[in-house]
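# Remarks on the overall topology
Residue strings, one per chain:
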Amino acid sequence: MVNRRLLRTKAFQSLYAFRQAERADYQLAFDQIADSFLPNLDLMIPKEQQMLKLDALRKLAEQRFEELFNLKSTNDDIPAEAKNAARYALESYKSYVKKDKATITDNMVAEVESVYDAYLKMLQLLLEITEIAVWDEQRRLVETDHRTSRLARNQVLIALKNLPMFTTGIIRSNAKWTEDDQNMLRKLFLEAILPDTTFQSYLRTTKHTFEEDLALVQYLVKTFVLKHHIIADYFEEKDLNWNENKDVLKSLCVKTFKIEKVEELVLQPLALNWDDDKHFFVDLFNNVLDNDESYEKLITDQTKNWEGDRLAMTDMLILKLGLAEMIHFTSIPVKVSINEYIELAKNYSTPKSGQFINGLLDVLSQKLQKEGIIRKSGRGLIDNK
C-alpha cells in the first residue's frame, strides 16, 4: 500500500519539478522581452540601425523586470516601451508559474493514483497468462502432457476474473494488455512459465484443491509477475518512478492472495485512508510553497556560515519539507518527521546530507518548540521531548 514515506518522496520530487519549471518560466520572460524588441523588417531603416535602439530598450526592460521580480523600487526614468515590456513579462511569468503549480499538483496526485492502475494491470496479467495457456494447448496438433488449459480451471483465477470491482476497475483505468503486448506475454509464457518445474507439476494433476490453486497463483505472482525481467522492463519503461512504486505494487499483489478461502479474495485499497493521505500529500506540497520565504529565512538564519545559494537545492527543499511537516501537521511527532527527511536526504541528496539534515532540523525543532511555533497534539506528542 501507499504509505506516507512514499508520499513525502513524491512531494519532494514535485517540488523539485516545480522549481525547475520556475527557472524555465523565468527564462521565458526574458525571451518574451527579447521578442518585444525585434527589428521591423518592413521599415526602410536598415536592421543594424534599428538594433542599436532596440538593444538598448531590451536591456532597460530586462533591468526593470529584475527590479520588479525582486520587489526593488527604482527612480530611473526609462522609456514606456521598456516599462511595458517588463510589466507584461512579469505578468506572463506569474501566469506560467500559476499554471505550472496547478499542473504539477494535479499530476502528482494522478501519478500516485496510477500505481493502483498498475496493480490492476498486474492482476490482469494473470488472466492474460491463463488465456495464453488455453491458446497454447489449442494450437498443438498432437496431444502432449502439456495440458496448459488446466490453468483456466484455477479456482482463484476464476474468482479474480469474476470480481465485479476488478472488472469495473480494469474498464475505468484502461489497464488491459493490448494486442501489441501479446507477443511479449506469449514469449514470457513459452520461454519462462511453461518450462518451469513448479508449473509443469501443477499441469500434471487433473483436479486441484483450493490450497494447490492458491499456491500456484502465489508462485506465479512472486516468480513472474513481480520478478521476471520481461515484466519488470515493461513497467519500468512505462513508469519513470518504477523503482519507488514497485515495492507498493509488490505489497498490493502479495496481500491480494494472502487468503485462506476463495471467498476472501478482494482487491486491496491503494492506502488505508487515501482521502487523508491525499490531503496530507497535497497540503505538504502547498504549505512549502505558501511559506517558502519564511522557511528559507529560518534555514539561512541557522546557517549563517553558509550562503543560501551554496546549499544544495535538494537539501533546501528537504529542509523546507521538514519544517512544513513539523509546524503544520500537529499530529505527527517531531522525531518521526526528522527521521523521514533524513532517509529522504540519504536517497536523493549528497553523501553528507543525511547528517546535515538531521543536525539542522533537530536544532530548528528545539528552537521553534521553545518559541511556540511548533505545537503538537494527540499522537504528535509521542516521543516529542
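First things first, this report covers the structure right here in the doc.

Moving on, we get to the overall build of the protein chain. The secondary structure content of the protein chain amounts to 15 helices and zero strands. Over its C-alpha atoms, taken along the principal directions, the protein chain stretches across nearly 90 × 70 × 35 Å. Counting every position in the protein chain, which comprises 385 residues, the buried fraction comes to 46%. Once the 53 positive and 60 negative side-chain charges of the protein chain are each reduced to a mean point, those two points are 4 Å apart.

Counted at 1.5 Å a residue, the expected span for helix α10 (residues 242-256) with its 15 residues is 21 Å, and the 20 Å between its end C-alpha atoms agrees. Along α10, the residues classified as buried are Trp 242, Glu 244, Asn 245, Val 248, Leu 249, Leu 252, Cys 253 and Thr 256. On an axial view of α10, the arc spanned by its buried residues comes to 155 degrees, and they lie on one face. Exposed and oriented more than 90 degrees from the buried face of α10 are Asn 243 and Asp 247. On its buried face, α10 is in contact with α1 (4-36), α3 (80-138), α8 (210-225), α9 (229-238) and α14 (334-348).

It is worth spelling out the layout of surface pockets at this point. The space that makes up the largest pocket amounts to roughly 1200 Å³. Surrounding the largest pocket, 28 residues form its lining, Arg 19, Glu 22, Phe 69, Tyr 93 and Asp 292 being those nearest its centre. Of all elements in the fold, only α1, α2 (47-69), α3, α11 (274-290), α12 (292-302) and α13 (313-328) reach the threshold of two or more residues within the lining of the largest pocket. Sorting elements by how many residues they give to the lining of the largest pocket places α3 first, with six residues.

Where the residue is not glycine, phi is negative for most of them; where a peptide bond is considered, it is trans in most cases. Even without being glycine, Leu 71 reaches a positive phi, approximately 60 degrees. In this structure, Leu 71 sits in the loop between α2 and α3. With a relative accessible area of 77%, Leu 71 lands in the exposed category. Backbone geometry places Asn 174, a non-glycine residue, at a positive phi of 55 degrees. Position of Asn 174 relative to the elements: it lies in the loop between α5 (164-173) and α6 (182-193).

Okay, α14 next. Its 15 residues place the ends of α14 21 Å apart at the C-alpha level, agreeing with the 21 Å of an ideal helix rising 1.5 Å per residue. Of the residues making up α14, those classed as buried are Val 334, Ser 337, Ile 338, Glu 340, Tyr 341, Ile 342, Leu 344 and Ala 345. Residues of α14 that are buried make contact with α1, α11, α13 and α15 (353-370).

Our next topic: the packing of α1 against α14. Running from N to C, α1 and α14 cross one another at 55 degrees; their axes reach a closest spacing of 11 Å. Considered as vectors, α1 and α14 are oriented oblique to each other. Seen along the crossing, α1 lies across α14 with a hand that is right-handed. Contact with α1, carried on its side by Arg 5, Arg 8, Thr 9, Phe 12 and Gln 13, involves Val 336, Glu 340, Tyr 341, Glu 343, Leu 344 and Tyr 348 of α14 and no other residues of that element.

Following the sequence through the fold, Ser 173 ends up in helix α5. In terms of polar contacts, Ser 173 uses its side chain to reach the backbone carbonyl oxygen of Gly 169, at 2.8 Å. When near neighbours in sequence (up to four residues on either side) are disregarded, Ser 173 contacts Asp 117 and Leu 120.

A few words now on the environment of Glu 296. You can see Glu 296 is positioned in helix α12. Sequence-wise, Glu 296 and Leu 90 are 206 residues apart; in three dimensions their C-alpha atoms are separated by 23 Å. The contact partners of Glu 296, leaving out residues within four places of it in the chain, are Met 316 and Lys 320. A polar atom in the side chain of Glu 296 sits 2.7 Å from the side chain of Lys 320.

The next point concerns the pattern of salt bridges. The full count for this structure, using the stated rule, is 22 salt bridges. When the shortest N-O distance is used, the salt bridge between Arg 147 and Glu 137 registers 3.3 Å. Of the two residues, Arg 147 is situated in the loop between α3 and α4 (155-161) and Glu 137 in helix α3; the sequence distance between them amounts to 10 residues. By relative accessible area, which is 28% here, Arg 147 ends up partly exposed. Through salt bridges that share partners, Arg 19, Glu 22, Asp 292, Glu 296 and Lys 320 make up one connected network.

Moving on: the packing of α13 against α14. The geometry of α13 relative to α14 is characterised by a closest axis approach of 10 Å and an angle of 165 degrees between their N-to-C directions. Relative to α14, α13 is oriented roughly antiparallel. In the crossing of α13 with α14, the sense of the turn from one axis to the other is right-handed. Counting all contacts with α13, which are made through Thr 314, Ile 318, Leu 321, Gly 322, Glu 325 and Met 326, the residues of α14 involved are Val 334, Ser 337, Ile 338, Tyr 341, Leu 344, Ala 345 and Tyr 348.

Thresholds applied
- All residue numbers refer to positions counted from 1 along the written sequence of the respective chain.
- Two thresholds apply to this predicted model, a pLDDT of at least 70 for residue-level local features and 80 or more for giving and counting side-chain atom pairs, whereas whole-chain, interface and lining totals are computed over all residues.
- The basis for every side-chain value is the complete set of heavy atoms in the structure, and neither hydrogens nor water enter the calculation.
- Under the scheme used here, helices are H or I runs from DSSP no shorter than 4 residues and strands are E runs no shorter than 2 residues, and both carry numbers assigned from the N terminus.
- In this scheme, a residue with accessible area under 20% of its type's maximum is buried, one over 50% is exposed, and one in between is partly exposed, where area comes from a 1.4 Å probe on protein chains only.
- A positive count includes Lys and Arg, and a negative count includes Asp and Glu. His and the chain ends are not counted in either.
- Here the site of a charge means atom NZ of a Lys, CZ of an Arg, CG of an Asp or CD of a Glu.
- Expected span, for any helix, means 1.5 Å times one less than how many residues it has.
- Taking the helix axis as origin, the arc is that swept by the directions to the C-beta atoms.
- Two residues form a contact once any of their heavy atoms are found within 4.5 Å.
- Buried and open spaces are told apart on a 1 Å grid over the protein atoms alone, a cavity being a set of points where a 1.4 Å probe fits but cannot get out and a pocket being an open set with protein on both sides within 12 Å along at least five of seven lines. Residues with an atom within 4 Å of a point are the lining residues.
- Grid points are joined across faces, edges and corners, and a volume is the space filled by probe spheres set on the points.
- Angles run from 0 to 180 degrees between N-to-C directions of axes, and those axes are lines fitted to C-alpha atoms, restricted for helices to the stretch in contact.
- Between 65 and 115 degrees an angle is taken as roughly perpendicular, under 35 as roughly parallel, over 145 as roughly antiparallel, and anywhere else as oblique.
- Each crossing gets its handedness from the near helix: less than a right angle anticlockwise from the far helix is left-handed, clockwise is right-handed.
- Polar contact is the term for a pair of N or O atoms within 3.5 Å; when the atoms are in protein, one must be able to donate a hydrogen and the other to accept it, and sequence-neighboring residues count only if both atoms are side-chain atoms.
- Each salt bridge in this description consists of a side-chain nitrogen of Lys or Arg and a carboxyl oxygen of Asp or Glu lying within 4 Å of one another.

Geometry only, nothing functional implied.
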